[in-house]
Amino acid sequence: MDTAVGPDALDAYLLRIGAVRPGAPDVDALRALHLGHLRHVPFENLSIHLGEEIVLAERPLLDKIVGARRGGFCYELNGAFATLLRGLGYEVELLAARVFGPDGLGIPYDHLVLRVDLPTGPWLADVGFGRNSHLPLRLDGRADQEDPGGVFRIEETPDGDLDVLRDGTPQYRIEQRPRVLTDFEAGCWWHRTSPRSHFVRSLVCSRLTETGRVTLSGRSLVTTGPDAARDARELAEGEVLAAYRTHFGITLDREPVVAG
C-alpha cells in the first residue's frame, strides 16, 4: 500500500463497517471485521456504468469506500480491506486468483484475495467475491470448512496453486506468490473495458444482510431471507435511486445503465 493509515482514517473505516477497534489482531477480530465488511460495504460495479475512474491506490480506495460510502469489486474491496487490516496490526499479503467460469479459468489477475498470517497459521480473507464465505477460511486447511455461506474446501493443485471450492464446486484458483496492488491494474482495466467482461455487460450491487442477501441488478431487486426465502421484483424507473439509498446507503445523482 502507498502510505500508513492514520488513526482517524482507521476509526472512520471501522465506523463504516460497524466494527470496533480490536484489542489485538487475532482471528476473532478478523472474523468480526470480515463479516462487518460484507454486511456494510456492497459488492458493486456501478463505477463502470457511471463513467467513474477506478484507481487502485490506497487513498482513492479509502475515499470511495469510506468517504463516499460506496462499494466496489474485488480489487477495490480487498485492496481497501488490506489497508484496514495492516493499520490494525495484521500481516497481510495480496494474492492473485483466477475465477472458474463456463469456459474454464479467467484471465491472469482476474481476482484479488488476501492472505492474513496469524500465529495460528495463514487465513484466506475475501470480501470481494459476491456470494462467498462469510468468514475467513484457513488457508492451510484441507478439510471441509463449514461456513454460513456454504461448505468450503481448499485443495492444492499439481502446480502449487490453491483451488477454493464451495459446496464441491471450484470458485477460483489462487497463486501463492505475493503481489502488490499495481500488479492488478491490467486485470482491472480488462474487467471494466472488455466487451467480454461480465462487469461491462451487466449491473450489480449486492450486500450480505443479517438474514440473507439483497441484490440490485439493473432494475431487478432480489432479497433472500432465512431458509432461502426469495423475493424478486422489477423496479420502476423512479424507484431505482431510492433502492440504492435504502438497501446499500449509496446516493447517486443518476441511474447507472448498461451501454447498449
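Throughout what follows, the structure given in this document is the object of discussion. (Residues numbered from 1 in each chain as written. Predicted model: local features only at pLDDT ≥ 70, side-chain atom pairs only at ≥ 80, totals over all residues. Heavy atoms only, no water.)

**A short note on the overall build of the chain**
And then number 1: For the chain, the count of helices and strands is eight helices and 14 strands.
And then number 2: The C-alpha radius of gyration computed for the chain amounts to 18 Å, which stays within 12% of the reference 18 Å derived for 260 residues, consistent with globular compactness.
And then number 3: Relative to its full complement of 260 residues, the chain shows a buried share of 52%.
And then number 4: In the chain, 54% of the contacts between residues at least 6 apart in sequence involve partners at least 24 apart. (Helix = DSSP H or I, 4+ residues; strand = E, 2+ residues; numbered from the N terminus. Rg over C-alpha atoms; globule rule 2.2 N^0.38 Å. Buried < 20%, exposed > 50% of the residue type's maximum accessible area, 1.4 Å probe, protein only. Contact = heavy atoms within 4.5 Å.)

**Considering the environment of Val240**
And then number 1: Among the structural elements, Val240 can be located in helix α8 (residues 240-248).
And then number 2: Here the alpha-carbon distance between Val240 and Leu252, two residues 12 residues apart in the chain, equals 9.8 Å.
And then number 3: When neighbours within four sequence positions are excluded, Val240 is seen to be in contact with Leu216, Gly218, Arg219, Leu235 and Glu255.

**Some points on the environment of Glu156**
And then number 1: Relative to the helices and strands, Glu156 is located in strand β8 (residues 150-156).
And then number 2: With a relative accessible area of 59%, Glu156 lands in the exposed category.
And then number 3: Considered as a pair, Glu156 and Glu91 are 65 residues apart in the sequence and their alpha carbons are 23 Å apart.
And then number 4: Excluding its chain neighbours within four sequence positions, the residues that come into contact with Glu156 are Arg142, Asp161 and Leu162.
And then number 5: In terms of polar contacts, Glu156 uses its side chain to reach the side chain of Arg142, at 3.4 Å. (Polar contact = N/O pair within 3.5 Å; in protein donor to acceptor, adjacent residues only side chain to side chain.)

**Brief notes about the side chain of Ser194**
And then number 1: As for its position among the elements, Ser194 is in the loop between α6 (185-193) and α7 (198-201).
And then number 2: With relative accessibility at 9%, the residue Ser194 sits in the buried group.
And then number 3: Excluding residues that lie within four positions of it along the chain, Ser194 makes contacts with Trp189 and Val200.

**Examining the sheet that holds strand β14 (residues 230-234)**
And then number 1: Spatially, β1-β11-β12-β13-β14 is the arrangement adopted by the five strands of the open sheet, whose pairing is antiparallel. Strand pairing shows two members of the sheet lacking a second neighbour, β1 (43-44) and β14, which therefore form its edges. (Pairing = 2+ DSSP bridges.)

**Brief notes about the pattern of salt bridges**
And then number 1: A full pass over the atoms with the stated rule returns 15 salt bridges.
And then number 2: For the salt bridge of Arg115 with Asp117, the shortest nitrogen-to-oxygen distance reads 3.0 Å.
And then number 3: Salt bridges here are not isolated pairs; linked through shared partners, they connect Glu44, Glu52 and Arg70. (Salt bridge = Lys/Arg side-chain N within 4 Å of Asp/Glu carboxyl O.)

**Comments concerning the packing of helix α2 (residues 27-40) against helix α5 (residues 74-87)**
And then number 1: Two numbers describe how α2 lies on α5: the axes approach to 12 Å, and their chain directions differ by 145°. Note that α2 runs across α5; the crossing there is right-handed. Listed contacts from α5 to Leu30, Leu33, His34 and His37 of α2 are Leu77, Phe81, Leu84 and Leu85.
And then number 2: Looking at the contact of α2 with α5 residue by residue, the class counts come to six nonpolar, two polar and no charged. (Axes fitted to C-alpha atoms, helices over the stretch in contact; angles between N-to-C directions. Left-handed = near helix turned anticlockwise from the far one by under 90°. Nonpolar A, V, L, I, M, F, W, Y, C, P; charged D, E, K, R; others polar.)

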